[in-house]
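So the chains spell out like this:
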Amino acid sequence: MRALKLLRTQAFRIVLVYLVLFAISVATVVAFTYWNTKRALDAQTDQIIEAESTGLSEQYQRQGLQGLTDVIVSRSSRGGPGLYLLTDHMGQVIAGNLDGWPKVKAHDGDLVEFNYVRRNGEQNEQRRARGRSFALAGGFDLLVARDVHERYETEHLFSRTLPWSIGLMVLLGLVGGALVSRNILARLDTINRTSRDIVAGNLSRRVPVTKAGDEFDELAKNLNRMLDRIERLMKGMREVTDSVAHDLRSPLNRLRNRLEGALNRADRESEQSHSIELAVEETDAIIATFNALLLIAEAEAGVAREAMTLTDLGAVVEGVVELYSPVAEEKSLVLSLDAKTGILLQGNQNLLSQALANLIDNAIKYTPVGGTVRVSLEETADNVELSVSDTGAGIPAEARARVIDRFVRLEPSRNTPGTGLGLSLVAAVARLHDASFELSDNGPGLKAVIRFPRGRARMPSVK
Amino acid sequence: MRILVVEDDLEAQRYLVNGLKEAGHVVDDAGDGEIGLTLALSRPYDCAIIDRMLPKMDGLSLVSEMREQGNGTPVLFLSALSEVDDRVKGLKAGGDDYLPKPYAFVELLARLDALMRRRQPSAVKTRLEVGDLELDLLTRTAKRNSTDIDLQPREFRLLEYLMRHAGQVVTRTMLLESVWEYHFDPQTNVIDVHISRLRAKIDRGFDLPLLHTVRGAGYMIRARA
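Note that the structure is predicted; figures quoted are calculated from it, not measured.

Engineer: I'm lost on the overall build of chain A in this one. Help?
Structural biologist: When helices and strands are tallied, chain A shows 9 helices and 14 strands. Partitioning the contacts of chain A with sequence separation of at least 6, the portion at a separation of at least 24 is 60%. In the structure as shown, chain A presents an accessible area of about 26,000 Å², 56% of it carried by carbon and sulfur atoms.

Right, here's the structure in full:
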């Protein structure tokens, strides 16, 4: 797992790309040098062969066969790198230090390469030579060659070891790359761990800064400055919601108190008493809207993150469905539940219950008598999905995004009770839990889905 | 009953004190946390109503201090703060109940009644009775006039809560909090629907209804009309 992670790091990928480029460069440079050297050496040999061939031809022309034979015999006996062979038209050897015409191994322009056997004391040694053959007047054939065995050996050795050398280089490069990546990965892991902690609600955490003063420390310092800022903002947000709550709730409280007092003094069943009752209802509606707005603000600011505990999502779903099932029955709706049990996640139970209650409440409200409201909680490969689908009128595709906005209700009359904040609250609660909230067509009806990332949920071990 | 009110908003305090007196209670009041603590520790009260934010000493510290001094007077917190984790903090500090502002006075009275009733020592009951309705807490069965009543587990808990507070007004919010353990506004009157189903089971076919609706307040179970 750890090794796999290492392979996926950017640092390792950079090392890998560099390694491939480097290996290709090295191979190219080495091949070029080798090829050039070989050419220079061959050119030297070829020059000597050329000079000797010319010399021997001239000798033949001036002194005839006997003169040529003498020169060849004399040169052959020196035991140097020079190799000679003179044959007649029948192929019979006349002179030279080769036993007969060799088998050609390779052609290079006019020149040929072949193997020959050299007697070295008691041992016979097969060696490589390079030379040129040509015909002389009178049906004679002459071969002038030089021993190039050292060059041939070097070439051979070279082509055998080169792949191994490159292989070794790549291996060492990979090990080096892994070490470098591991180092970088360790630094980044620290930053990632801290970030996850902070996202989970522990705002006081900071990224550790080392004494190295490198770019990672620079990054850590910048992140920490940003975190200080966020923490200040969150604290400010909390203070603002607290003081807004306090400053508005206290007068609302007094208003409600006065109305209640007036209601107690007024004659029951009188016109006046009825008006006051309506005023109390209006006040309660204002309070409900205000509370819902405040809750959305708090959920969006992540203030409620601190109040999160390990919550059994299945139990939350069962509870809310049970709470609403008599309401559905009253309206002759089928409220069905298909929930997987034992899905735990870090969450705010009260807000999750409230969000689900809003969805079920909406579904019941907008589904005509005899319809079905289906609540399901299921696991997919990446997510835990909580969905509420109904068989009501649904919401046209173009309006779906809009209804999640605050205060939007689709029927213009606004007769249906509610603050128009229900779905906004669901969206805010979803965001608070790193989940997505989506409305889609249930064909017919509406399907609302809250999709929790699986990383947040903790599955119980299978017994 | 003797009740202590600690509230710094003077108009809210006056309203609270008058309302409680009209309801037949004896009331002491304090305008800040320090006076509140002195009163709470020097006189015996049946209940204390304490605002969460007070000058000199805030409500949480006041209650923590009371509990530290061994004072067990039931405390009802009033709070105008945002609610998300304020309730939890209040109950952790030693409060017994929590009521967010603005509140309805009937809600406050009902909760006070419940708090003071809870305090009265009583033998552990295994059987609750209201008129000819009996609830056996051990076998989890209900009978009215010797006829078995078939109740769902939640209906049983609902009836149990109502019968434990027989003769007292119980509000919808109290039921939602105690029977379902939810602290949110369910928008639709879900509680009314649950009550009407329960009523159908215990009152239908009997001359004397036991489960009554108290207009503008909530519900009450009692034998006499």
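Engineer: What exactly am I supposed to notice about the interface of chain B and chain A here?
Structural biologist: Many structure descriptions define interface size as the accessible area lost when the parts assemble. With 34 residues of chain B in contact, the opposing surface of chain A contributes 41 residues. Across the contact surface, chain B and chain A share 5 salt bridges. Across the pair Arg215(B) and Glu277(A) runs a salt bridge whose closest N-O atoms are separated by 3.3 Å. Here chain B and chain A share 14 residue pairs in polar contact (both at pLDDT 80 or more) between them. Counting only elements with at least two residues in the side of chain B that touches chain A, the list comes to helix H1 (10-22), helix H5 (105-119) and helix H8 (190-203) of chain B. Looking at the side of chain B that touches chain A element by element, the count peaks at 5 residues for H8(B). For the side of chain B that touches chain A, the class distribution of residues is 18 nonpolar, 6 polar and 10 charged.

Engineer: Any chance you could explain a nonpolar patch on the surface here in plain terms?
Structural biologist: Together, Leu168(A), Leu171(A), Leu172(A), Val175(A) and Leu179(A) make up a nonpolar patch on the protein surface, roughly 510 Å² of accessible area in all. Considering the arrangement of structural elements, one finds Leu172(A) in helix H3 (residues 149-199).

Engineer: Please explain the environment of Ile94(A) as it appears in this structure.
Structural biologist: Residue and element names in this part refer to chain A. Mapped onto the secondary structure, isoleucine 94 falls in strand S2 (residues 93-96). Residues isoleucine 94 and leucine 142, spaced 48 residues apart in sequence, show a C-alpha to C-alpha distance of 10.0 Å. Apart from residues no more than four positions distant in its own chain, isoleucine 94 is found in contact with Thr69, Leu86, Thr87, Asp88 and Phe140.

Engineer: What am I meant to see in the packing of aromatic side chains here?
Structural biologist: Each pair of aromatic rings is reported with the distance of its centres and the angle of its planes. For the structure on display, the rule yields 5 aromatic pairs over all chains. Summarising the aromatic geometry, the rings of Tyr34(A) and Phe158(A) are spaced 5.1 Å apart at their centres and angled 5° between planes, so their arrangement reads as stacked. Remark: Phe158(A) occurs in helix H3 and Tyr34(A) occurs in helix H2 (residues 10-76); sequence separation between them is 124 residues. The exposure class assigned to Tyr34(A) is partly exposed, which follows from its relative accessible area of 26%. Residue Phe158(A) is classed as partly exposed on the basis of its relative accessible area, which comes to 30%. Aromatic pair Tyr60(A) and Phe140(A): ring centres 6.4 Å apart, planes at 75°, arrangement edge-to-face. In this pair, Tyr60(A) is assigned in helix H2 and Phe140(A) in strand S6 (residues 140-147), connecting sequence segments 80 residues apart. Sitting over the ring of Phe206(B), Arg144(B) keeps its end group 4.3 Å from the ring centre.

Engineer: Help me understand the confidence of the model for chain A in this model?
Structural biologist: Reading predicted coordinates in detail is not appropriate for stretches of low pLDDT. Residues and elements named next belong to chain A. In this model, chain A carries an average pLDDT of 83, and 92% of its residues clear a pLDDT of 70 or more. The spread of mean pLDDT over the elements of chain A runs between strand S14 (residues 457-458), the lowest at 57, and strand S10 (residues 372-379), the highest at 92. Here residues 412-416 scores under 50 on pLDDT; set against residues more than four positions off or in separate chains, the count is 6 contacts. Between residues 459-463, whose pLDDT stays under 50, and residues either more than four places distant or in other chains, the model counts 4 contacts.

Engineer: I'm lost on the nonpolar core in this one. Help?
Structural biologist: One recurring pattern in soluble globular proteins: nonpolar side chains tend to sit buried together. Tyr324(A), Ile360(A), Phe437(A), Leu162(B), Leu175(B) and Ile221(B) are the most contacted members of the largest nonpolar core, which has 86 residues in total. The contact partners of Ile221(B), leaving out residues within four places of it in the chain, are Val130(B), Leu133(B), Leu159(B), Leu162(B), Met163(B), Ala166(B), Gly167(B), Ile202(B), Leu210(B) and Leu211(B). Counting 19 residues, the second-largest nonpolar core is a separate cluster that includes Leu37(B), Ala40(B), Val75(B) and Tyr98(B).

Engineer: How should unusual backbone geometry be read in this particular structure?
Structural biologist: A cis amide bond, omega -5°, links Gly443(A) with the succeeding residue Pro444(A). Positionally, Pro444(A) belongs in the loop between strand S12 (436-441) and strand S13 (446-453). Not every positive phi belongs to a glycine, and Lys56(B) is a case in point at roughly 70°. With respect to the helices and strands, the residue Lys56(B) is situated in the loop between strand S3 (47-51) and helix H3 (59-68).

Engineer: Quick question: what am I supposed to make of the pattern of salt bridges here?
Structural biologist: Opposite charge on two side chains allows them to pair when their charged atoms are near. All names here are of chain B. Under the criterion given, the structure shown has 53 salt bridges over all chains. Here lysine 101 and aspartate 51 are joined by a salt bridge, their closest N and O atoms 2.9 Å apart. Note that lysine 101 is positioned in the loop between strand S5 (97-100) and H5 and aspartate 51 in strand S3, a separation of 50 residues in sequence. By relative accessible area, which is 3% here, lysine 101 ends up buried. The exposure class assigned to aspartate 51 is buried, which follows from its relative accessible area of 3%.

Engineer: When you look at the confidence of the model for chain B in this model, what are you seeing that I'm missing?
Structural biologist: All names here are of chain B. Averaged over all residues, the pLDDT of chain B equals 87, while 96% of them reach at least 70. When mean pLDDT is taken per element in chain B, S3 scores highest with 93 and helix H4 (residues 86-92) scores lowest with 84. Scored by ipTM, the complex comes to 0.84, with pTM at 0.66.

Engineer: What am I meant to see in the sheet that holds strand S10 (residues 170-171) of chain B here?
Structural biologist: Hydrogen bonds between backbone atoms are what pair the strands of a sheet, whose relative direction is either parallel or antiparallel. Residues and elements named next belong to chain B. Spatially, 3 strands are ordered S10-S12-S11 in an open sheet, and the strand pairing comes out antiparallel. The open sheet has two edge strands, S10 and strand S11 (211-214), and neither has a second partner. In this structure, S11 lies alongside strand S12 (residues 218-221), joined through 4 bridges in antiparallel fashion. Paired with leucine 211 across the strands is isoleucine 221, a residue of S12. Contacting S11 and S12, H8 runs over the sheet at an angle of about 145° to S11.

Engineer: I tried to follow the environment of Thr45(A) on my own but got confused; where do I start?
Structural biologist: Residues and elements named next belong to chain A. Tracing the backbone shows threonine 45 in helix H2. The buried category is assigned to threonine 45, whose relative accessible area is 12%. In this structure, the C-alpha to C-alpha distance between threonine 45 and glycine 131, residues 86 residues apart in sequence, is 8.8 Å. If near-sequence neighbours (up to four positions away) are discounted, threonine 45 is found in contact with Arg130, Arg146 and Val148. A polar atom in the side chain of threonine 45 sits 3.0 Å from the backbone oxygen of leucine 41.

Basis of the calculations
- Residues numbered from 1 in each chain as written.
- Chains lettered and ligands numbered in written order.
- Predicted model: local features only at pLDDT ≥ 70, side-chain atom pairs only at ≥ 80, totals over all residues.
- Heavy atoms only, no water.
- Helix = DSSP H or I, 4+ residues; strand = E, 2+ residues; numbered from the N terminus.
- Contact = heavy atoms within 4.5 Å.
- Areas by Shrake-Rupley, 256 points an atom, 1.4 Å probe, with all protein chains shown as cover.
- Salt bridge = Lys/Arg side-chain N within 4 Å of Asp/Glu carboxyl O.
- Polar contact = N/O pair within 3.5 Å; in protein donor to acceptor, adjacent residues only side chain to side chain.
- Nonpolar A, V, L, I, M, F, W, Y, C, P; charged D, E, K, R; others polar.
- Patch = residues over 30% accessible without salt bridge, like charges linked within 9 Å, V, L, I, M, F, W, Y side chains within 5 Å.
- Phe/Tyr/Trp six-rings, centres within 6.5 Å; stacked < 30°, edge-to-face > 60°.
- Buried < 20%, exposed > 50% of the residue type's maximum accessible area, 1.4 Å probe, protein only.
- Lys NZ or Arg CZ within 6 Å of the ring centre and 35° of its normal.
- pLDDT = per-residue confidence, 0-100.
- Core = buried A, V, L, I, M, F, W, Y, C linked by side-chain atoms within 4.5 Å.
- Pairing = 2+ DSSP bridges.
- Axes fitted to C-alpha atoms, helices over the stretch in contact; angles between N-to-C directions.

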